[in-house]
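For reference, the chains in residue letters:
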Amino acid sequence: MELDLNVLKELGIWGILAVMLVKQYQNKDNSQTKQNDELVSHLLDSNKKKDDMLRETVNEFKVFSSSLVTKLEKIEGKVSNIEQKIK
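Residues numbered from 1 in each chain as written. Predicted model: local features only at pLDDT ≥ 70, side-chain atom pairs only at ≥ 80, totals over all residues. Heavy atoms only, no water.

Colleague: Can you explain the overall build of the protein? Please cite residues and give values.
Modeller: Each helix and strand counted, the protein has 1 helix and 0 strands in total. For a compact globule of 87 residues, the expected C-alpha radius of gyration is about 12 Å, and the protein comes in at 35 Å, more than 25% above that figure. Considered along the principal axes of its C-alpha atoms, the protein spans approximately 115 × 15 × 5 Å. When the accessible surface of the protein is totalled, it reaches about 8,400 Å², and 60% of it is carbon and sulfur. (Helix = DSSP H or I, 4+ residues; strand = E, 2+ residues; numbered from the N terminus. Rg over C-alpha atoms; globule rule 2.2 N^0.38 Å. Areas by Shrake-Rupley, 256 points an atom, 1.4 Å probe, with all protein chains shown as cover.)

Colleague: Requested: an account of the packing of aromatic side chains, with residues and values cited.
Modeller: This structure, assessed with the given rule, holds 1 aromatic pair. Ring plane angle 45° and centroid distance 6.5 Å describe the contact between Phe61 and Phe64, whose orientation is recorded as tilted. Of the two residues, Phe61 and Phe64 both sit in helix α1 (residues 5-86), 3 residues apart, roughly one turn of that helix. (Phe/Tyr/Trp six-rings, centres within 6.5 Å; stacked < 30°, edge-to-face > 60°.)

Colleague: Kindly report on the pattern of salt bridges, identifying the contributing residues and their values.
Modeller: Applying the stated rule across the entire model yields 2 salt bridges. The partner of Lys48 in a salt bridge is Asp52, and the shortest N-O contact between them spans 3.2 Å. Of this pair, Lys48 and Asp52 both sit in helix α1, 4 residues apart, which is roughly one turn of the helix. The partly exposed category is assigned to Asp52, whose relative accessible area is 34%. Close ionic contact of Asp52 with Arg55 constitutes a salt bridge, the shortest N to O distance being 3.1 Å. Residue Asp52 and its partner Arg55 are located together in helix α1, separated by 3 residues, close to a single helical turn. (Salt bridge = Lys/Arg side-chain N within 4 Å of Asp/Glu carboxyl O. Buried < 20%, exposed > 50% of the residue type's maximum accessible area, 1.4 Å probe, protein only.)

Colleague: Give me the lowdown on the environment of Ser65, citing residues and values where you can.
Modeller: Inspection of the secondary structure assignment puts Ser65 in helix α1. Classification of Ser65 as partly exposed rests on a relative accessible area of 24%. Residues Ser65 and Ser41, 24 residues apart in the sequence, show an inter-C-alpha distance of 36 Å.

Right, here's the structure in full:
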């Protein structure tokens, strides 16, 4: 909205203040929207990184637990052989 001298005279001081307040509110609203968009973007990136880390941790645990089971089965087999020799 362009305000020339004639429009300013017609609006008077209260009208001018009202127009200025509306413009200031619009600027703050746009600024807040931009900040909110940046925050949401940051949170989405952060959540993606956490999801990736969790996925990697789960995969590493699967490998570890599989290895552990294999070792326990070998130990169980050795114990079973020793028990049979004792009998």
